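A look at the structure
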Amino acid sequence: MTSINQNYLELQGSYLFSEIAKRRTKFIQENPNAEIISLGIGDVTRGLPDAVLKAMHSAVDELAAPSSFRGYGPEQGYDFLINAIIENDYKARGINIATNEVFVSDGSKCDVGNIQEIFSENSIVAVQDPVYPVYVDTNVMAGRSGKYNQETKRYENIAYLECTAENDFKPSLPDRKVDIIYLCYPNNPTGMTLTKEELKVWVDYAKKNNCIILYDSAYEAFIQEEDVPHSIYEIEGAREVAIEFRSFSKTAGFTGVRCAYTVVPRELKGLDAAGNEVLINDLWNRRHTTKFNGVSYVTQRGAAAIYSAEGKEQIKSLVDYYMTNAAIIRDGLASLGLEVFGGVNAPYIWLKTPNGMDSWSFFDKLLTEANIVGTPGVGFGQSGQGYFRLTAFGSRENTEKAVERIRKLSL
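Overview of the structure. Residue positions within a chain follow its written sequence, with the count starting from 1. Under the rules for a predicted model, residues below a pLDDT of 70 receive no local features and side-chain atom pairs below 80 are neither given nor counted, while totals for whole chains, interfaces and linings still include all residues. Heavy atoms from the whole structure form the basis of all side-chain values; hydrogens and water molecules are not counted.

**As for the packing of aromatic side chains**
Pairing of aromatic side chains here covers Phe, Tyr and the six-membered ring of Trp, requires ring centres within 6.5 Å, and sorts the geometry by plane angle: under 30 degrees stacked, over 60 edge-to-face, intermediate tilted. Across all of its chains, the model carries 25 aromatic pairs by this definition. With a centroid separation of 5.4 Å and 75 degrees between ring planes, the pair formed by tyrosine 78 and tyrosine 297 is classed as edge-to-face. Taken as a pair, tyrosine 78 in the loop between α2 (50–64) and α3 (79–90) and tyrosine 297 in helix α9 (residues 297–305) lie far apart in primary sequence, 219 residues in all. Between tyrosine 148 and tyrosine 155, the ring centres sit 5.0 Å apart and the planes meet at 65 degrees, which makes this aromatic pair edge-to-face. The exposure class assigned to tyrosine 155 is buried, which follows from its relative accessible area of 6%. Here, a charge over a ring means that NZ of Lys or CZ of Arg falls within 6 Å of the ring centre while also lying within 35 degrees of the ring normal. Directly above the aromatic system of tyrosine 387 lies the positively charged group of lysine 352, at a separation of 4.7 Å from the ring centroid. One residue, arginine 396, lies across the ring of tyrosine 321, its end atom 4.3 Å from the ring centre. Elements are defined by DSSP. Helices are runs of H or I of four residues or more, strands are runs of E of two residues or more, and each kind is numbered from the N terminus. Residue burial is assigned from relative accessible area. The probe radius is 1.4 Å, only protein chains are included, and a residue is buried under 20% of its type maximum, exposed over 50%, and partly exposed in between.

In structure tokens, the structure reads:
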């Protein structure tokens, strides 16, 4: 028989959100009349902005005529979208990014999962804990994680950077040599952020210790406070040590449409087996063009419309809607005496479970007694045990209804 990739057998259980969906489905089957409110998986609920719809409809019409039809496009993305990204997301903030440093894709989840392929199997990976599961699982699949320790509930070769209430959910620098550092800000799941001064510490560390930061800023559009950086490239020296990931999923309702981008500066370098310097940008370009045929023309036209005057106004309205939801959840839970974090610069609320309950027990309590689905904090890592994540991506009606249901619980 054909041998399998043994690394896959090191994966623990099912993917977090698959497990949540499984438990929700089972509960609905047993309680068909229950009115479930989902504040678990971070999926949006508002429709696509009108500017996006108009652009996509127009693009479809273009494809109907032989004279304007487009087949395969550039794998890295069309110039009209790349130029809009550079002009609005970077140049407007005083950041210089070249067109050959932007790679348009079908989602940040794909990019943060695939990026590890271009690095050595021997690279030591550091992740925040709690953490978006994709960072860990894809490195397990690649064989970097080592064995899973059943006592610690962690992989032996991964460096875990604990984020707890004691350190304001801001991790300390690694206490051992690492090669790759995953940072996510605004953070998923805690909703917390770093200031420019705090992020500079990480950039300086990466430069001094010759490591690379994989910076996931998928929730950048939700930042409300002034001193919170929107891009790691606002920090001097970051172009030499960081790759940045952005997404249109939550910003513009593209969770089903699928479009994102990754920035890989030309200054970023790694070493080959002989110790020679290699441009990371060249490696990612090769991987991207070999395994990906590009995002559809229709989708990219829709994404470009986000940067129009009309699109910007509509995106702001969407962000304001979800952040109002976040305030409703945050303030509602705080009024019950619960410890809550996040929800200020991110659409996630991270709460301490009451009365010392573990994360999955609180999940079951919310589901069975209030018919609310959230996300157990321990699903993001051991430092998430005793915490719970709620998202602000529901409708206003369901958000308010969920808070009222929680008020009625015996906590």
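Having seen it, we continue.
**With respect to the sheet that holds strand β2 (residues 102–105)**
Taking strand neighbours across the sheet as the criterion, the seven strands line up as β2-β10-β9-β8-β7-β3-β6 in an open arrangement whose pairing is mixed. Among the strands making up the open sheet, the edge pair consists of β2 and β6 (159–162). On average, adjacent strands in this sheet sit at an angle of 20 degrees to one another, irrespective of strand direction. A pair of strands is treated as paired once DSSP finds two or more bridges between them. Sheet topology places strand β8 (residues 212–216) next to strand β9 (residues 242–247); four bridges connect them, and they run parallel. For aspartate 216, the partnering residue across the bridge sits in β9 and is phenylalanine 245. Only heavy atoms enter the contact rule, under which two residues are in contact if any of them lie within 4.5 Å. Angular values range over 0 to 180 degrees, each being the angle between N-to-C directions of two axes fitted as lines to C-alpha atoms, with helices fitted over their stretch in contact. This element, helix α8 (residues 280–291), spans β2, β8, β9 and β10 (260–263) of the sheet and lies at about 25 degrees to β2.

**Focus: the pattern of salt bridges**
Any Lys or Arg side-chain nitrogen located within 4 Å of an Asp or Glu carboxyl oxygen qualifies as a salt bridge. Per the counting criterion, the structure on display carries 28 salt bridges. Between arginine 246 and aspartate 89 there is a salt bridge; the shortest N-O distance is 3.8 Å. Of the two residues, arginine 246 sits in strand β9 while aspartate 89 sits in helix α3, which places them 157 residues apart along the sequence. For arginine 246, a relative accessible area of 3% translates into the label buried.

**Regarding the sheet that holds strand β14 (residues 348–352)**
Sheet strands line up and pair through hydrogen bonds in the backbone, either parallel or antiparallel. Taken in spatial order, the four strands line up as β13-β14-β17-β16 in an open sheet, and their pairing is antiparallel. The open sheet has two free edges, formed respectively by β13 (340–342) and β16 (375–376), since each of these has just one partner strand. Note that β16 and strand β17 (residues 387–391) share two bridges and pair antiparallel. Within the sheet, the bridge partner assigned to proline 376 lies in β17 and is phenylalanine 388.

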